[in-house]
Amino acid sequence: MSTLTYAVSDSMTMLRRNLKHALRYPAMTFSVVAMPVMMLLLFNYAFGGALGAGISGAPTGGGEYIDYVAPGIILMTATAGAVMTAVGVCVDMTEGIVNRFRTMSISRAAFLTGHVVGSVIQTLVAVALVIGVALAIGFRPDASPVEWIAAVGLLTLLALALTWLSAGVGLVAKTPESASNMPLPLTFLPFLGSAIVPTDSMPTGLRWFAEYQPFTPFVETLRGLLMGTEIGNSGYIALAWCAGLTLVGYFWARSAFGRTAKR
């Protein structure tokens, strides 16, 4: 067997390990779903009347706020998976299992690859559950099958990019508690974009930040794919952010993992 074949085989073993952990201890996966669902219910039922009435750019002309906010909450679900990755990696590092792996004939890339791929799968499952809840409370996308595939692809790329960043967080964090707190800004950053309200309704300084921070083009692209609103160049910007964040996260995690091996 070639080196690549061994690496793929070891990565699949690590992936099965992480998925079995997720099934055995579902609390973390549940928390990734619970927060976006509560946000969706809160903004739709508690604030939807007031916010929806003031959004002239909503897909239904301001009549159904759920159609505006649901894509933003779905995107938040993809960001929430970052916490799960950071905690999982940090727990393995602090409990010493990684040192045991290093004494075995296992590809060095397999540990991180198994965590990253496993977390992306769990995040997509959480996204599917949140979409199901959104549909149950009135979300009515008009996307074609191709647009749905594109939307899922965008969410997968975003989850992959944030998962690599979170793997790096988990490697440098000293405790699982700190690992769970460090990625939280990623989870709430979409609030300061166009996930909840359009950026043109914000004060000048905040509007400038909202328009140029990374999650606004993601939200606009996802909303355009699902609801048929204008995408413009947001799709290209979102893909560029995905590529950049993935590369930064990958090399950071790889470097951090290498440093831990020298301790």
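Keep in mind that this is a model prediction, so the values were computed, not measured. (Residues numbered from 1 in each chain as written. Predicted model: local features only at pLDDT ≥ 70, side-chain atom pairs only at ≥ 80, totals over all residues. Heavy atoms only, no water.)

### Notes on the side chain of Thr123
Here is step 1 of the chain: Inspection of the secondary structure puts Thr123 in helix 6 (residues 108-136).
Here is step 2 of the chain: Residue classification places Thr123 among the buried residues on the basis of a relative accessible area of 1%.
Here is step 3 of the chain: If near-sequence neighbours (up to four positions away) are discounted, Thr123 is found in contact with Thr77, Ala78, Gly81, Met84 and Ala159. (Helix = DSSP H or I, 4+ residues; strand = E, 2+ residues; numbered from the N terminus. Buried < 20%, exposed > 50% of the residue type's maximum accessible area, 1.4 Å probe, protein only. Contact = heavy atoms within 4.5 Å.)

### Observations concerning the confidence of the model for the protein
Interpretation of this model should avoid reading the predicted coordinates in detail wherever pLDDT is low.
Here is step 1 of the chain: In this model, the protein carries a mean pLDDT of 83, and residues with pLDDT of at least 70 account for 89%.
Here is step 2 of the chain: Mean pLDDT in the protein bottoms out at helix 3 (residues 48-53), which sits at 69, and peaks at helix 11 (residues 215-227), which reaches 93.
Here is step 3 of the chain: Counting contacts from residues 56-63, a segment whose pLDDT is below 50, to residues more than four positions away or on other chains yields 11 contacts. (pLDDT = per-residue confidence, 0-100.)

### Here's the deal with the packing of helix 7 (residues 145-172) against helix 11
Here is step 1 of the chain: Axis separation between helix 7 and helix 11 bottoms out at 8 Å; the angle between their running directions is 160°. By the angle class used here, helix 7 and helix 11 are roughly antiparallel. For the pair helix 7 and helix 11, the crossing hand works out as left-handed. Between helix 7 and helix 11, the residues in contact are Glu147, Trp148, Ala150, Ala151, Leu154, Leu155, Leu158 and Leu162 and Phe215, Phe218, Thr221, Leu222, Leu225 and Leu226, respectively.
Here is step 2 of the chain: When the residues that make up the contact of helix 7 with helix 11 are grouped by side-chain class, the tally is 12 nonpolar, one polar and one charged. (Axes fitted to C-alpha atoms, helices over the stretch in contact; angles between N-to-C directions. Parallel < 35°, antiparallel > 145°, perpendicular 65-115°, else oblique. Left-handed = near helix turned anticlockwise from the far one by under 90°. Nonpolar A, V, L, I, M, F, W, Y, C, P; charged D, E, K, R; others polar.)

### Some remarks on empty space enclosed by the protein
Here is step 1 of the chain: Under the defined criterion, the tally for this structure stands at two cavities of 30 Å³ or more.
Here is step 2 of the chain: Here the largest cavity defines a volume of roughly 40 Å³.
Here is step 3 of the chain: What lines the largest cavity is Met35, Pro36, Met39, Met76, Thr187 and Phe191.
Here is step 4 of the chain: Here the lining of the largest cavity takes three residues from helix 2 (residues 27-46), the largest share from any one element.
Here is step 5 of the chain: In terms of residue class, the lining of the largest cavity is built from five nonpolar, one polar and no charged.
Here is step 6 of the chain: When residues of the lining of the second largest cavity are traced back to their parent elements, those giving at least two are helix 7 and helix 11.
Here is step 7 of the chain: Tallied by class, residues from the lining of the second largest cavity come to eight nonpolar, no polar and no charged. (1 Å grid on protein atoms, 1.4 Å probe; cavity = no way out; pocket = protein on both sides within 12 Å on 5 of 7 lines; lining within 4 Å. Points joined across faces, edges and corners; volume = space filled by probe spheres on them.)

### Some thoughts on helix 2
Here is step 1 of the chain: The first and last C-alpha atoms of helix 2 sit 27 Å apart over 20 residues, in line with the 28 Å expected at 1.5 Å per residue.
Here is step 2 of the chain: Residues of helix 2 that are buried: Thr29, Val32, Val33, Ala34, Pro36, Val37, Met39, Leu40, Phe43 and Asn44. (Expected span 1.5 Å × (residues − 1).)

### Brief notes about the pattern of salt bridges
Here is step 1 of the chain: This model, assessed by the stated rule, comprises one salt bridge.
Here is step 2 of the chain: In this structure, Arg223 engages Glu220 in a salt bridge whose closest nitrogen and oxygen atoms are separated by 3.3 Å. You can see Arg223 and its partner Glu220 sitting in helix 11, three residues apart, about one turn around the helix.
Here is step 3 of the chain: Assessed through its relative accessible area of 2%, Arg223 is described here as buried.
Here is step 4 of the chain: A relative accessible area of 21% places Glu220 in the partly exposed class. (Salt bridge = Lys/Arg side-chain N within 4 Å of Asp/Glu carboxyl O.)

### Digging into the environment of Tyr45
Here is step 1 of the chain: Note that Tyr45 resides in helix 2.
Here is step 2 of the chain: Measuring from C-alpha to C-alpha, the distance between Tyr45 and Ile137 comes to 9.6 Å, with 92 residues separating the pair along the chain.

### What about the packing of aromatic side chains?
Two descriptors summarise a pair of aromatic rings, namely the distance from one centre to the other and the angle between the planes of the rings.
Here is step 1 of the chain: Taken as a whole and judged by the stated rule, the model has seven aromatic pairs.
Here is step 2 of the chain: Seen from their ring centres, Phe215 and Phe218 are 6.2 Å apart, and the 45° between their planes marks the pair as tilted. Placement of the pair is Phe215 and Phe218 together in helix 11, with a separation of three residues, close to one helical turn.
Here is step 3 of the chain: According to the relative accessible area criterion, Phe215 is buried, its value standing at 3%. (Phe/Tyr/Trp six-rings, centres within 6.5 Å; stacked < 30°, edge-to-face > 60°.)

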